[in-house]
Amino acid sequence: VFKSGPNIGKPNPQFYVGFAIAKNDPAFGQVWAAMNEVAKAAFPHLFDAAGNCVHPTFAWKMVDGDGYDTTGKSNATKEGFAGHWVLRLTSGFAPKVFLRGRYDPSQQVMDARELPTGYYIRALIDITSNDDTTKPGIYLNLKLIEVDKPGPVITSGPSAQDAFAATASPG
């Protein structure tokens, strides 16, 4: 399939944040209720009389940190996942990031090193339907981030030491 149009061939940046919420955090109930409200309004035929989604692959943009990924690997082995619901927040635009209590536009965080993976954040999100009847689901659109406090930094992938030490080229 060939497509033409004003954005063809232009970069399409995507910004992603994995947002973990402890399963026992009372705030999750509010988030889950809002997600369900949007989903039920857009796809009422996919919910039973008790309000449960009956579509087995509904795209909630959320994973169970104690469940399994699509390859059968335990999510709990992934750092920061166990005991949490992990929301997948995305945006086509860089989210505005602020340190807690510093909200003046001139104080917006511009250096990604001030928000390493693993820090505690709060996020303003917009929940919308994907309006796709063949792959129904919702979007969790990232709007704003507040860096609440430092947390244990999470690293992913091999370190440069691990990746290159064993394959060092001679002299």
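Every value quoted in this text rests on a predicted model; they were computed, and no experiment measured them.

Section: the nonpolar core
Here is step 1 of the chain: Counting residues in each nonpolar core, the largest one holds 24 residues, and the members touching the most others are Met35, Phe58, Trp60, Leu87, Leu89, Ile138 and Leu140.
Here is step 2 of the chain: Elements with a minimum of two residues in this core: β1 (15–22), α1 (27–42), β3 (84–91), β5 (120–129) and β6 (138–149).
Here is step 3 of the chain: Ranked by residue count, the leading element in this core is β6, at five residues.
Here is step 4 of the chain: Not counting residues within four places of it along the chain, the set of residues in contact with Phe58 comprises Ala39, Phe43, Leu46, Cys53, Pro136, Gly137 and Ile138.

Description of unusual backbone geometry
Excluding glycine, residues mostly carry a negative phi; peptide bonds, for their part, are mostly trans.
Here is step 1 of the chain: In this structure, Lys61 is a non-glycine residue whose phi angle is positive, near 60°.
Here is step 2 of the chain: Counting through the fold element by element, Lys61 comes out in the loop between α1 and β2 (62–64).

Some points on the packing of aromatic side chains
Here is step 1 of the chain: What the rule picks out here adds up to seven aromatic pairs.
Here is step 2 of the chain: Between Phe28 and Trp85, the aromatic rings sit 5.6 Å apart at their centres with planes inclined by 15°, giving stacked as the arrangement. Of the two residues, Phe28 sits in helix α1 while Trp85 sits in strand β3, which places them 57 residues apart along the sequence.
Here is step 3 of the chain: A ring pair is formed by Phe47 and Phe58, whose centres lie 6.4 Å apart and whose planes are at 70°; its orientation type is edge-to-face. Remark: Phe58 occurs in the loop between α1 and β2 and Phe47 occurs in the loop between α1 and β2; sequence separation between them is 11 residues.

What counts, and at which threshold
Residues numbered from 1 in each chain as written. Predicted model: local features only at pLDDT ≥ 70, side-chain atom pairs only at ≥ 80, totals over all residues. Heavy atoms only, no water. Core = buried A, V, L, I, M, F, W, Y, C linked by side-chain atoms within 4.5 Å. Buried < 20%, exposed > 50% of the residue type's maximum accessible area, 1.4 Å probe, protein only. Helix = DSSP H or I, 4+ residues; strand = E, 2+ residues; numbered from the N terminus. Contact = heavy atoms within 4.5 Å. Phe/Tyr/Trp six-rings, centres within 6.5 Å; stacked < 30°, edge-to-face > 60°.

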